[in-house]
Structures are given as C-alpha cells and as structure tokens.
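Structure assessment
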Amino acid sequence: MPYFSSSAIRAAEYNPTSLTLAITFTSGRTYDYYGVPQYIYNGLLAAGSKGEYFNDNIRDQYGYR
C-alpha cells in the first residue's frame, strides 16, 4: 500500500480485479471506492497534489462505502 506525504490522504490501495480503490485519509478513516479504473489510480499515484486529484477525479464520481 503506497503511503503519501499529503495533508489530505495518508495511503491508497487498489484492487484491479474488483476495481476497488481504498483511500485512507489523514483522519484515519478509510473509504472503498467502487468501479474505479486503473488509470484513475495511476493518476492518483502520479499527482503532485493527492487531495486535489481526489477532489477532481474521484470524489462524487464513484460509489463508496
């Protein structure tokens, strides 16, 4: 699981079989996002600002639990 030095996101883990992206925020809460394509996860890994990328490309785009 990649860990980030981000003010918003602590870590993210991706399961390509189920297309599930688990994001752990700095608050300690983890949310599973469903139906996330691999390229979105790759974009998160490459993003200079993890929080901005999350807000622009993941938040309100995919179902979560």
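Structural notes, computed from the coordinates.

Rules of the game
Every chain's residues receive numbers from 1 upward, in the order its sequence appears when written. Residues qualify for local features only when their pLDDT is at least 70, as the model is predicted, and side-chain atom pairs are given and counted only at 80 or more; totals for whole chains, interfaces and linings, by contrast, use all residues. Just so you know, side-chain values use all the structure's heavy atoms and leave hydrogens and water out. Whenever Lys or Arg places a side-chain nitrogen within 4 Å of a carboxyl oxygen from Asp or Glu, that contact is recorded as a salt bridge. Each helix corresponds to a stretch of at least 4 residues labelled H or I by DSSP, and each strand to a stretch of at least 2 residues labelled E; elements are numbered beginning at the N terminus. Each residue is placed in one exposure class: buried if its accessible area under a 1.4 Å probe, protein chains only, is under 20% of its type's maximum, exposed if it is over 50%, and partly exposed if it falls in between. Any two strands between which DSSP finds at least two bridges are classified as paired. Comment: axis = line fitted to C-alpha atoms, over the contacting stretch for helices; angle = value between 0 and 180 degrees taken between N-to-C directions. Whether two residues are in contact is decided by their heavy atoms: any pair within 4.5 Å suffices. Asp and Glu are treated as the negative residues and Lys and Arg as the positive ones, with His and the ends of the chain left uncounted. Counted as a polar contact is a pair of N or O atoms within 3.5 Å, where, for protein atoms, one must be capable of donating a hydrogen and the other of accepting one, and residues adjacent in sequence contribute only when both atoms are in side chains.

Scanning the model with the defined rule gives one salt bridge in all. Its salt-bridge partner being Asp32, residue Arg65 comes within 3.6 Å of it at the nearest N-O pair. Taken as a pair, Arg65 in the segment after α2 (50-57) and Asp32 in strand β3 (residues 30-34) lie far apart in primary sequence, 33 residues in all. Taking the relative accessible area as the measure of exposure, Arg65 reaches 64% and is therefore exposed.

Ordered by their spatial adjacency, three strands build an open sheet running β1-β2-β3, and the pairing between neighbours is antiparallel. Each of the sheet's edge strands pairs with one partner strand only, and the pair in question is β1 (9-15) and β3. The mean inter-strand angle of the sheet, taken between neighbouring strand axes irrespective of direction, is 20°. Here β1 pairs with strand β2 (residues 20-25) via six bridges, running antiparallel. Of the residues in β2, the one forming a bridge with Ala11 is Thr24. Sheet strands touched by helix α1 (residues 38-46): β1 and β2. Its angle to β1, the strand with the most contacts, is close to 150°. Across the face of the sheet, α2 comes into contact with β1, β2 and β3 while running at roughly 50° to β1.

This paragraph deals with the side chain of Lys50. Here Lys50 is to be found in helix α2. The side chain of Lys50 is buried and forms no salt bridge, while Glu52, the nearest opposite charge, is found at 12 Å. A polar side-chain atom of Lys50 sits 3.1 Å from the main-chain carbonyl oxygen of Leu44. Non-local contacts of Lys50, meaning those with residues more than four positions away in its chain, are made with Phe4, Ser6, Ile9, Leu44 and Leu45.

Attention now goes to the side chain of Thr24. Within the secondary structure, Thr24 sits in strand β2. Within the structure, Thr24 has its side chain in polar contact with the side chain of Thr30 (distance 2.8 Å). Those residues in contact with Thr24 that sit more than four places away from it in its chain are Ile9, Arg10, Ala11, Arg29 and Thr30.

Function cannot be inferred from these measures alone, as they are strictly geometric.
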